[in-house]
Amino acid sequence: QVQLVESGGGLVQAGGSLRLSCAASGRTFSNYAMAWFRQAPGKEREFVAAINWSGGVTVYAVSVRGRFTISRDNAKNTVYLQMNSLKPEDTAVYYCAADETRTVLRRTVSGYDYWGQGTQVTVSS
């Protein structure tokens with residue numbers, strides 16, 4: 001089992017940047033593919049980005065491609081989400097998730113085994 005704790009959320013103006021971090025503890029971090037999801041009020045949780053166990057393969061939602069970058073540091077047991085050119089529609093609670101199938105990058109909530117508690121990102125216009 002792995003425990004996940006997100007940090008780095010906050011309030012930012014449109015066009016600004018934030019970097020989210022997700023620290024993992026428990027089992028070996030490199031055993032997991034990692035992902036970020038987000039959930040806005042009244043909406044379903046949606047996929048943002050995912051990264052395989054080594055960091056060599058990444059996938060993104062169309063809505064964030066070119067603005068967000070997912071990365072990981074296995075030595076620090078941490079996955080990151082660099083968010084640039086933020087828009088008000090990026091406002092949501094952001095969650096990191098871990099999948100024991102470390103080489104297949106899934107885009108669905110049901111594809112992930114472990115979740116963090118979330119961190120709020122608010123983008124003002």
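See the structure printed just above.
Summary of the structure given here. None of these values were measured; they are calculated from a predicted model. (Residues numbered from 1 in each chain as written. Predicted model: local features only at pLDDT ≥ 70, side-chain atom pairs only at ≥ 80, totals over all residues. Heavy atoms only, no water.)

### What about unusual backbone geometry?
With phi around 55°, N77 is a residue other than glycine that occupies positive phi space. What makes N77 partly exposed here is its relative accessible area of 31%. Residues other than glycine seldom take positive phi values, yet S85 does so here, at roughly 50°. On the secondary structure map, S85 appears in the loop between strand 8 (78-83) and strand 9 (92-99). (Buried < 20%, exposed > 50% of the residue type's maximum accessible area, 1.4 Å probe, protein only. Helix = DSSP H or I, 4+ residues; strand = E, 2+ residues; numbered from the N terminus.)

### Looking at the pattern of salt bridges
In total, this model carries five salt bridges according to the counting rule given. Among the ionic pairs, E100 bridges to R27, the shortest N-O distance being 3.3 Å. One end of the pair, E100, is in the loop between strand 9 and strand 10 (114-115); the other, R27, is in the loop between strand 3 (18-26) and strand 4 (33-39), with 73 residues separating them in the sequence. By relative accessible area, which is 39% here, E100 ends up partly exposed. With a closest N to O distance of 2.9 Å, D90 and R38 form a salt bridge. Taken as a pair, D90 in the loop between strand 8 and strand 9 and R38 in strand 4 lie far apart in primary sequence, 52 residues in all. (Salt bridge = Lys/Arg side-chain N within 4 Å of Asp/Glu carboxyl O.)

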